[in-house]
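If you want the building blocks of each chain, they are given just below.
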Amino acid sequence: MACIDHTSSQRRAAFAVISRLLSCLVTERILRAFYACLVDTSSATGIVVVLSTHLISEHPTINRPLRACDILAIVPVHHPPVCKDSFGCNYGQPVILLDPLDMLPEVYELAEAGSEEIDKNIRDNIFNTLSPPSWKLDSTSLKSCHDPSRIWSNFIEGVVLPDSLRESIRMELMSSYDWQLTTYESPPQCPTLNSTPIEWEQSLVAGHPTHPMHRARMMPFDLPKYDWYHPRIRFVAISRCLLDIFGPLEDILLPLAERAASRCGRTLPARNRFAVVPVHELQVHNIIAKIPEAEVLHPDISINALAQSSIRTVVIPELPGIALKLAVGVKISSSLRTVSHFTATFGPRFSALLPRLKYERELLSVEREFTSAVYRSANPDVAKHLSVLLREEYQPAPNEKLIVCAALLEMDHLGSPHGVAAIRHVLHLDTPYERVEFLSQYLRVACRALLPPLIYNGVALEAHAQNVLVRLDIRSKSVLGFVYRDLGGLRIYPPLLRQSTGIDFQFLPGHCVQTETLEETFPKFYHTFVHNHVQRLIRVLDLHYNGIGWGLLRKYMREVIPVGHALENAWLDSSSREVPSKCLMRMRMRDSYRDMVYGPYPNMILFNQDSVAQVPA
């Protein structure tokens, strides 16, 4: 086994969290930031100076020298981030989108002179750049910061936020650090084209590309180590009259429970009175505490499962072709991972409508959620703890390889070059030309596959890279199509759905998937598909800064979006320089999960539109 440098892993894990935190604070316009070109560009193109919280109040223009107390962090970058025009700005270019992949793996904070300093050449280069009269940093030193908690504490010092929420977020950031450190110290092997879909699912190294709590696992009990990808599935018995059951759930799951009981020499409760429902082993304590009517069966009546990348969705080898989405009762990233009664009741009913949606069946398959059960309770916060949803899994043809897209965008696996994404390593995209050709094919098929339901039915798929799987031809490695899964995160404009399908679908009152206007569905697709999925793909293929990747996305969106459609005006019109997108940190700071918070993001679909990027040979 390769020797792991613990100190190096600690710094990498800290940077993974800090870079995402700073990215959100800047991109969501919670904090101001400026980009400045370094005098000496041998080690970095420039720096991003993230200003402290109290500078928010100095709006709209700062008219004084900036001092050490005005600066939260300084981050070296290898290319300029996305900035807006800065005519007359004395401090540099205002940054409007800062991505973790813009940054070099170092974060500096200012300290009193005489404190522990970084390399003198680096220090002098930064201070020569941040020079008077715009900056007044005399008697100041620089030091590296490898503590997410410190960055959070310095940021939140000037923000009105309840102490309990401050501490909760801090703990989530540190949990993210702890679990990221665990992965860096024992990284998964890089899958190959011979690997199974579940091996790809379980190969994530860093997870969400921009969420600061990207690896957080907040458990309500002390469990320092846990094998998330190999859980045990337990069973509970509950009176059938206390469940809302949709579809043939018992026909599928009861034989599974009976086999589990038979293997350990036990019997199940009388089936004429009770339904037997599978639960994740981590959820048992919640069932006992919140649902006293449910009888948790003996722990021997259990079965092995394999978790997908989302953790709460599992496959059971004894139940081929079916995935189970279960409540886990653990806060993963910043949300408690349960299955709401909205999701449990929506999936099977909406799945019946899928054949009426407009999309190319040869390019897109949508996995049907065909049966579910949820505890019948007037309190939705209790009901969500006992629920299960079954999904039909796409079965690839003999010539196909099925891979969850998120896994292709990961890097730093065991057995792959440092900093090289799996998509480049496994598909041997070694030259700029090969990367352009693959991206062109990927985006052409993705736009044709994923956009039509939004355009013609008012259904925005939550098309982030964990919900979308790519179908590759095993021999040519060409993109054959995509598979979409998880109906719980859709956004739907009911009038267009009704008009286009002829079905008056009934939503539960208060279900967040409904929107009042067609335009309100757009941010869901933009944030998941463009901001998190496509942007990461374009960046790991080295086709972001030269604009080539975004030019390809515009090209294929224009081929699919009809002229005059509201989506053309929102995304492709040259005047649409900003679009609403999901604000992860603003939501968390409002302690919000289901109520989305959107803010203005630069419209990356138009990135570099005014320049002519040449496709490299």
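Every value quoted in this text rests on a predicted model; they were computed, and no experiment measured them.

> I'd love a proper account of the domain arrangement of the protein chain, names of residues and values included.
Its domain assignment divides the protein chain into domain 1 (9-157), domain 2 (220-390) and domain 3 (397-611). The C-alpha-based centres of domain 2 and domain 3 are spaced at 28 Å. On the side of domain 3, 38 residues touch domain 2, which itself brings 31 residues to the contact. Of the roughly 3000 Å² buried where domain 2 meets domain 3, counting both sides, 60% is carbon and sulfur surface. Three residues stand out in domain 2 for area buried against domain 3, namely Phe342, Phe346 and Leu363, and they jointly supply 21% of the buried area on that side. Here domain 2 and domain 3 share two salt bridges between them. Of the charged contacts, one joins lysine 325 and aspartate 486 as a salt bridge, the two residues approaching to 3.2 Å between their closest N and O atoms. Put simply, domain 2 and domain 3 have 12 residue pairs in polar contact (both at pLDDT 80 or more) between them. For the side of domain 2 that touches domain 3, the leading source of residues is helix H8 (residues 341-351), giving nine residues.

> Please give an account of the sheet that holds strand E17 (residues 313-315) that cites residues and values.
Spatial strand order, E12-E22-E23-E18-E17-E16: six strands in an open sheet with antiparallel pairing. Edge positions in the sheet fall to strand E12 (243-246) and strand E16 (306-307), since each has one partner strand and no second. By the bridge criterion, five bridges tie strand E22 (residues 369-375) to strand E23 (residues 387-392) in an arrangement that is antiparallel. Looking across to E23, one finds that alanine 373 is bridged to valine 388. Sheet strands touched by helix H6 (residues 249-263): E12, strand E18 (322-326), E22 and E23. Its angle to E22, the strand with the most contacts, is close to 75°. Most of the contacts of H8 go to E22, to which it runs at about 155°, and overall it touches E12, E18, E22 and E23.

> Can you explain helix H16 (residues 548-560)? Please cite residues and give values.
Taking 1.5 Å as the rise per residue, H16 with 13 residues should run 18 Å; its terminal C-alpha atoms sit 19 Å apart, in good agreement. Buried within H16 we find Ile548, Gly549, Trp550, Leu552, Leu553, Arg554, Tyr556, Met557 and Val560. Contacts from the buried residues of H16 go to helix H12 (432-450), helix H13 (452-457), helix H15 (522-540) and helix H17 (566-572).

> Break down the nonpolar core for me, citing the residues and quoting the values.
Within the largest apolar cluster, 144 residues are counted, with the highest numbers of intra-cluster contacts made by Phe350, Leu451, Phe482, Met557 and Trp571. Ranked by the residues each element gives to this core, the list is headed by H12, at 10 residues. Among residues more than four places away in sequence, those in contact with tryptophan 571 are Leu451, Leu454, Phe522, Phe525, Tyr526, Met557, Ile561, Ser576, Val579, Asn603, Ile605 and Leu606. Of all hydrophobic cores here, the second largest spans 45 residues; its members include Val77, Val107, Ile151 and Ile169.

> Report on the side chain of aspartate 102, specifying residues and quantitative values.
Counting through the fold element by element, aspartate 102 comes out in the loop between strand E6 (93-97) and strand E7 (108-112). Separated by 2.8 Å, the side chains of aspartate 102 and arginine 539 make a polar contact. For aspartate 102, the contacting residues outside a window of four places in its chain are Val77, His78, His79, Pro81, Leu97, Arg539 and Tyr545.

> Requested: an account of H6, with residues and values cited.
The terminal C-alpha atoms of H6, which comprises 15 residues, lie 22 Å apart, in line with the 21 Å expected from a rise of 1.5 Å per residue. Along H6, the residues that are buried comprise Leu249, Ile252, Leu253, Leu254, Leu256, Ala257, Ala260 and Ala261. A positive backbone phi angle near 70° is found at glycine 265, which sits one or two residues after H6.

> For the packing of aromatic side chains, give the residues involved together with the corresponding values.
For any pair of aromatic rings, the description rests on two quantities: the centre-to-centre distance and the angle between the ring planes. Inspection of every chain in the model, using the stated rule, returns 16 aromatic pairs. Centroid distance tryptophan 152 to phenylalanine 155: 5.5 Å. Interplanar angle 50°. Geometry classified as tilted. Here tryptophan 152 and its partner phenylalanine 155 are both found in helix H3 (residues 148-156), three residues apart, which amounts to about one turn of the helix. The pair formed by tryptophan 152 and phenylalanine 155 is uniform in burial state, with each residue classed as buried. Their ring planes at 40° and their centres at 5.0 Å tell us that phenylalanine 525 and phenylalanine 529 sit as a pair that is tilted. Linking phenylalanine 525 with phenylalanine 529, this pair stays in helix H15, spanning four residues, or about one helical turn. The two residues phenylalanine 525 and phenylalanine 529 agree in class, both being buried. In textbook terms, an aromatic cluster arises when at least three aromatic residues are bridged by ring pairs, as seen for Phe522, Phe525, Tyr526, Phe529 and Trp571. Across the ring face of tyrosine 184, the terminal group of arginine 12 is positioned such that the distance to the ring centre comes to 3.9 Å. When the ring centre of tyrosine 456 is taken as reference, the NZ or CZ atom of lysine 358 above it lies at 4.1 Å.

Basis of the calculations
Sequence order as written defines residue numbering, which begins from 1 separately in each chain. In keeping with the model being predicted, local features are shown solely for residues with a pLDDT of at least 70 and side-chain atom pairs are shown and tallied solely at 80 or more, while totals for entire chains, interfaces and linings include all residues. As a rule here, side-chain values cover all heavy atoms of the structure and leave hydrogens and water aside. Per the annotation, domain bounds derive from an automatic or database assignment of domains. Note on definitions: a residue-residue contact is assigned when non-hydrogen atoms from the two residues lie within 4.5 Å. Note: buried area is the sum, over both parts, of the accessible area (probe 1.4 Å) each one loses when the two are combined. Throughout this description, the term salt bridge denotes a Lys or Arg side-chain nitrogen within 4 Å of a carboxyl oxygen of Asp or Glu. Here a polar contact means two N or O atoms within 3.5 Å. Within protein one must be a hydrogen donor candidate and the other an acceptor candidate, and residues neighboring in sequence count only if both atoms are side-chain atoms. Under the DSSP-based scheme used, a helix requires at least four consecutive residues in state H or I and a strand at least two consecutive residues in state E, with every element numbered from the N terminus. By this definition, two strands are paired if DSSP reports at least two bridges between them. Orientation is described by axes fitted as lines to C-alpha atoms, over the contacting stretch for helices, and by angles from 0 to 180 degrees between their N-to-C directions. For a helix, the expected span equals 1.5 Å multiplied by the number of residues minus one. Residue burial is assigned from relative accessible area. The probe radius is 1.4 Å, only protein chains are included, and a residue is buried under 20% of its type maximum, exposed over 50%, and partly exposed in between. Put simply, buried Ala, Val, Leu, Ile, Met, Phe, Trp, Tyr and Cys residues joined by side-chain atoms within 4.5 Å make one nonpolar core. Centres within 6.5 Å make a pair out of two Phe, Tyr or Trp rings, where for Trp the six-membered ring is used; the pair is then stacked when the planes are under 30 degrees apart, edge-to-face when over 60, and tilted otherwise. Whether a charge sits over a ring comes down to the Lys NZ or Arg CZ being within 6 Å of the ring centre and within 35 degrees of the ring normal.

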